[in-house]
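Residue-level listing of the chains:
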Amino acid sequence: MFGIHSDWHRSIAISHNGELIEHDLIGDTGWWRGSHLYRHVSGTYVIHEGQMGCFGFKTSPLTFQITERISCEKQPELQNQAHNASRFYRDLTYLGVFTEYPPESAGDGFQFVPADVAPETELPDIL
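Residues numbered from 1 in each chain as written. Predicted model: local features only at pLDDT ≥ 70, side-chain atom pairs only at ≥ 80, totals over all residues. Heavy atoms only, no water.

Student: Which residues make up unusual backbone geometry, and what values go with them?
Tutor: Of note, the amide linkage connecting S60 to P61 takes the cis form, showing an omega dihedral of -5°. Locating P61 in the fold gives a position in the loop between β5 (54-59) and β6 (62-63). Despite not being glycine, N17 has its phi angle at roughly 50°, a positive value. Among the secondary structure elements, N17 is positioned in the loop between β1 (8-16) and β2 (19-28). Positive phi outside glycine occurs at D91, with the angle close to 70°. Inspection of the secondary structure assignment puts D91 in the loop between β6 and β7 (92-100). (Helix = DSSP H or I, 4+ residues; strand = E, 2+ residues; numbered from the N terminus.)

Encoded structure:
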């Protein structure tokens, strides 16, 4: 069996109060379907990419260097009552999802869909 795959380079750039930081993400072969954005109880923002795992960043100071222990392992039967609390991850609040524009739209690139527009969906388990 063989396959032809075209990896594409991905990175994230975060701008806040006139500062800019960038971080390379794991290459992708076209199976990416969106990245969820959460806020941890510590105030750290968390981007979860499903099978590729998650990473955090802070805006004050703007950094990818995180000292808090943040788990992105699913919690079975997690019941949260707080507004937008994740149904799947302890101590995380779901903020929304970064996703590609649908092919039929006029948009080119990515969009952010906030939690009040579309609810949290379950991500695949981390590899």
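That was the structure; now back to the text.
Student: Describe the side chain of E120, listing the residues and the values that go with them.
Tutor: Examined against the element boundaries, E120 turns out to sit in the segment after β8 (110-114). One buried charged residue, E120, remains without a salt bridge, the closest side chain of opposite sign being R87 at 4.4 Å. Among the polar contacts made by the side chain of E120, one reaches the side chain of Y38 at a distance of 2.7 Å. A polar side-chain atom of E120 sits 3.0 Å from the main-chain amide nitrogen of R87. Among all residues touching E120, those that are not within four sequence positions of it are H36, Y38, A85, S86, R87, F88, Y89 and Y94. (Buried < 20%, exposed > 50% of the residue type's maximum accessible area, 1.4 Å probe, protein only. Lys, Arg positive; Asp, Glu negative; His and termini not counted. Salt bridge = Lys/Arg side-chain N within 4 Å of Asp/Glu carboxyl O. Polar contact = N/O pair within 3.5 Å; in protein donor to acceptor, adjacent residues only side chain to side chain. Contact = heavy atoms within 4.5 Å.)

Student: Before we move on, could you go through the packing of aromatic side chains and cite the residues and values that matter?
Tutor: Under the criterion given, the structure shown has seven aromatic pairs. Ring centres of F57 and F64 lie 6.3 Å apart, and the angle between their planes is 65°; this geometry places the pair in the edge-to-face category. Residue classification places F57 among the buried residues on the basis of a relative accessible area of 7%. Ring geometry for F98 versus F112: centroids 4.8 Å apart, planes at 50°, classification tilted. Of the two residues, F98 is situated in strand β7 and F112 in strand β8; the sequence distance between them amounts to 14 residues. Taking the relative accessible area as the measure of exposure, F98 reaches 29% and is therefore partly exposed. Members of the aromatic cluster, connected to one another through ring pairs, are Y38, F88, Y89 and Y94. (Phe/Tyr/Trp six-rings, centres within 6.5 Å; stacked < 30°, edge-to-face > 60°.)

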